[in-house]
Amino acid sequence: MEIGVTSFVETKPDIETGIVMSHAQRLREVVEEIVLADRVGLDVFGIGEHHREDYAASSPAIVLSAAASLTKRIRLASAVTVLSSADPVRVFQDFAMLDGISNGRAEIIAGRGSFVESFPLFGYGLHDYEELFNENIELLMKIRDSEKVTWKGGHRPAIHNLGVYPRPVQNSLPIWIGSGGTQSSAVRAGLLGLPLMLAIIGGNPMNFAPLVELYKKGAARAGHDVSQLQVGSHSIGFVAEDTERAADIFFPSTQYGMNKLGKERGWSYYDRSSYDAARSFDGALYVGDPETVAQKIIHLRKHVGITRFMMYVPLSTMPHEQVLRAIELLGTEVAPRVREEIAKWEAEKE
């Protein structure tokens, strides 16, 4: 069971002062967060790609590379790379370079993206949303599996027996499929035999269990070894010494972020009752003291089949010290509890 952190490197206004942090400052802060996550024993840190004013990381590989030489063990992933509007050759090259700098710790989590700003920015049409992703994931996997590539698609110039360099340290650079929870994306990941990262950010996480089973059935149908497949959860959360303190600290920024995005997407107003319901045991927020958060993650592993848990923190802008403390507690208090309990549970099943 792997435990890690996801960050979108947000730069929304400070809740109390209204001051907007510079992109440069937030980028430097997230590098510190990655270094701390490595030091406290977390397994993976993921950086999301966005092309908006309120997010600072347009290129996850660059941020992760800044942290690579400062860390020793932690795996470094995108979360996600918006593959539909990216050149798979350049994506592979960037992460192969990250793999070299980190000595074999890079991963790509590829997705279609929940925002669409990158499409007009890079000259793509939203009517090609699905087709672009399907073509690009095919090419990305081909590049990963072969040094010399011959390929032809409908949106990118063809490649005729050309090498793609540098090659990564890892024999096979890990590529995950990031999914918002649609059946089609779960089946796609299964048929391709790729690990699946689910964005479990609302509702009851147990509702994702059938999706995981669908993913595994697709993989089995395509002849992949289901026992080797990994399933991850990207879930919003925050850890403090006391559950009520954690809830009170994390609510203002969460409410701001949810309502800002809600205005764009037509969601209902997010208030304290919505928040408290979501942080209940059956909710999708992993907010509380270490024991509370650990038990929710253990429940997710046992009943949904999650093998990697990624805590998305912070949501919106929070004081850097609070984020660092949450990461420290996740690594030193939550992760050991989860690993010990899951190890016992798995031993009992044998």
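Just so you know, these numbers come straight off a predicted model, no measurement behind them.

Asks: Just to check I follow, could you spell out the environment of S316 for this structure?
Replies: For S316, the location among the structural elements is in the loop between strand 12 (308–312) and helix 11 (320–349). Along the backbone, S316 and A66 are 250 residues apart, and their C-alpha atoms lie at a distance of 22 Å. The residues touching S316, leaving out its near neighbours within four places in the chain, are E10, K12, S253, Y256 and G257. A polar side-chain atom of S316 sits 3.0 Å from the main-chain carbonyl oxygen of S253. Within the structure, the side chain of S316 is placed 3.2 Å from the backbone nitrogen of G257, a separation counted as a polar contact.

Asks: I keep staring at the side chain of S65 and nothing clicks. Help me out?
Replies: Mapped onto the elements, S65 comes out in helix 2 (residues 60–68). Within polar-contact distance, the side chain of S65 engages the backbone oxygen of A61 at 2.8 Å. Once residues lying within four places of it in the same chain are set aside, the contact partners of S65 are L98 and I101.

Asks: It is not clear to me how the packing of helix 6 (residues 183–192) against helix 7 (residues 209–221) should be interpreted in this structure. Could you clarify?
Replies: Helix-helix packing: each pair is described by the crossing angle between the helix axes and the interaxial distance. Following both chains from N to C, one finds helix 6 and helix 7 inclined at 35 degrees, their axes separated by 7 Å at the closest point. For the pair helix 6 and helix 7, the sense of crossing is right-handed. Counted together, Q183, A186, V187, A189, G190 and L191 of helix 6 and L211, L214, Y215, G218, A219 and R221 of helix 7 form the full contact between these two elements.

Asks: Would you take a moment to explain the packing of aromatic side chains for this structure?
Replies: Aromatic rings considered in pairs are described by the distance between their centres and by the relative angle of their planes. Counted by the stated rule, this structure contains 7 aromatic pairs. Cluster of aromatic residues (ring-pair linked, three or more members): F8, Y55, F115 and Y312. The cationic tip of K296 hangs over the ring face of Y286; the distance from NZ or CZ to the ring centre is 4.7 Å. Lying over the aromatic face of W345, K349 brings its terminal NZ or CZ to 3.9 Å of the ring centre.

Asks: I would appreciate a short explanation of helix 6 in the present structure.
Replies: Taken as a whole, helix 6 has its buried residues at S185, A186, R188, A189 and G190. Packing partners of the buried residues in helix 6 comprise helix 5 (129–145), strand 8 (175–179), strand 9 (196–199) and helix 7. G193 sits one or two positions beyond helix 6 and adopts a positive phi of about 75 degrees.

Asks: Is there a simple way to explain the pairing of strand 2 (residues 44–47) in this structure?
Replies: Within a regular beta strand, the side chains point alternately toward one face of the sheet and then the other, so they alternate between its two faces. In strand 2, alternate side chains face the same way, and those of V44 and G46 on one face and F45 and I47 on the other are all buried. Here strand 1 (residues 2–7) runs beside strand 2; their pairing, made up of 4 bridges, is parallel. Looking at the pairing, V5 lines up with F45 of strand 2. For the segment spanning strand 1, helix 1 (residues 23–39) and strand 2, crossover handedness is right-handed. Bridge count for strand 2 against strand 3 (residues 75–78) is 4 bridges, and the pairing is parallel. Bridging across to strand 3, F45 finds its partner in L76. At this point the chain moves from strand 2, through helix 2, to the parallel strand 3, and the crossover so formed is right-handed.

Asks: Would you mind going over the side chain of S233 with me for this structure?
Replies: Among the secondary structure elements, S233 is positioned in strand 10 (residues 231–239). Of note is the side chain of S233, whose polar atom sits 2.5 Å from the side chain of S235. Apart from the residues lying within four places of it in its own chain, the contact partners of S233 are M197, L198, I200, L300, I306, R308, F309 and M310.

Asks: How do you make sense of helix 1 when you look at a structure like this?
Replies: Working note: α-helix, 3.6 residues per turn, so residues spaced by three or four point in the same direction. With 17 residues, helix 1 should reach 24 Å at 1.5 Å per residue; the first-to-last C-alpha distance of 25 Å fits that figure. Structurally, helix 1 contributes buried residues whose contacts are with strand 1, strand 2, helix 2, strand 3 and helix 11. Phi for G41, located one or two positions after helix 1, is positive at around 90 degrees.

Asks: What's the story with the environment of L211 in this structure? I'm lost.
Replies: Checked against the element boundaries, L211 lands in helix 7. Between the alpha carbons of L211 and A326 there is a distance of 30 Å; along the sequence they are 115 residues apart. Ignoring any residue separated from it by four or fewer positions in sequence, one finds L211 in contact with G181, T182, Q183, A186 and L198.

Asks: Is there a simple way to think about the packing of helix 3 (residues 88–102) against helix 5 in this case?
Replies: For the pair helix 3 and helix 5, interaxial distance at closest approach is 9 Å and the crossing angle is 45 degrees. Compared by their axis directions, helix 3 and helix 5 come out oblique. Here helix 3 and helix 5 pass one another in a crossing that is right-handed. Here helix 3 contributes P88, V89, V91 and F92 to the contact with helix 5, which in turn contributes N136, L139, L140, I143 and R144. Its residues placed into classes, the contact of helix 3 with helix 5 shows 7 nonpolar, 1 polar and 1 charged.

Asks: Would you take a moment to explain the pattern of salt bridges for this structure?
Replies: Two side chains that carry opposite charge are able to pair once their charged atoms sit near each other. The full count for this structure, using the stated rule, is 30 salt bridges. Residue R325 pairs with E241 through a salt bridge whose shortest N-O separation is 2.7 Å. Of this pair, R325 sits in helix 11 while E241 sits in the loop between strand 10 and helix 8 (243–265), and the two are 84 residues apart along the sequence. For E241, a relative accessible area of 43% corresponds to the partly exposed category. Notably, a salt bridge pairs R279 with D276, separated by 2.9 Å at the nearest N-O pair. By relative accessible area, R279 is classed as buried at 16%. According to the relative accessible area criterion, D276 is partly exposed, its value standing at 28%. A network of salt bridges, in which partner residues are shared, links E10, K12, R52, D54, E117, K260 and E264.

What counts, and at which threshold
- Residues numbered from 1 in each chain as written.
- Predicted model: local features only at pLDDT ≥ 70, side-chain atom pairs only at ≥ 80, totals over all residues.
- Heavy atoms only, no water.
- Helix = DSSP H or I, 4+ residues; strand = E, 2+ residues; numbered from the N terminus.
- Contact = heavy atoms within 4.5 Å.
- Polar contact = N/O pair within 3.5 Å; in protein donor to acceptor, adjacent residues only side chain to side chain.
- Axes fitted to C-alpha atoms, helices over the stretch in contact; angles between N-to-C directions.
- Left-handed = near helix turned anticlockwise from the far one by under 90°.
- Phe/Tyr/Trp six-rings, centres within 6.5 Å; stacked < 30°, edge-to-face > 60°.
- Lys NZ or Arg CZ within 6 Å of the ring centre and 35° of its normal.
- Buried < 20%, exposed > 50% of the residue type's maximum accessible area, 1.4 Å probe, protein only.
- Pairing = 2+ DSSP bridges.
- Right-handed = clockwise from strand over helix to strand, strands pointing away.
- Expected span 1.5 Å × (residues − 1).
- Parallel < 35°, antiparallel > 145°, perpendicular 65-115°, else oblique.
- Nonpolar A, V, L, I, M, F, W, Y, C, P; charged D, E, K, R; others polar.
- Salt bridge = Lys/Arg side-chain N within 4 Å of Asp/Glu carboxyl O.

Everything listed here is a matter of geometry and, on its own, says nothing about what the molecule does.
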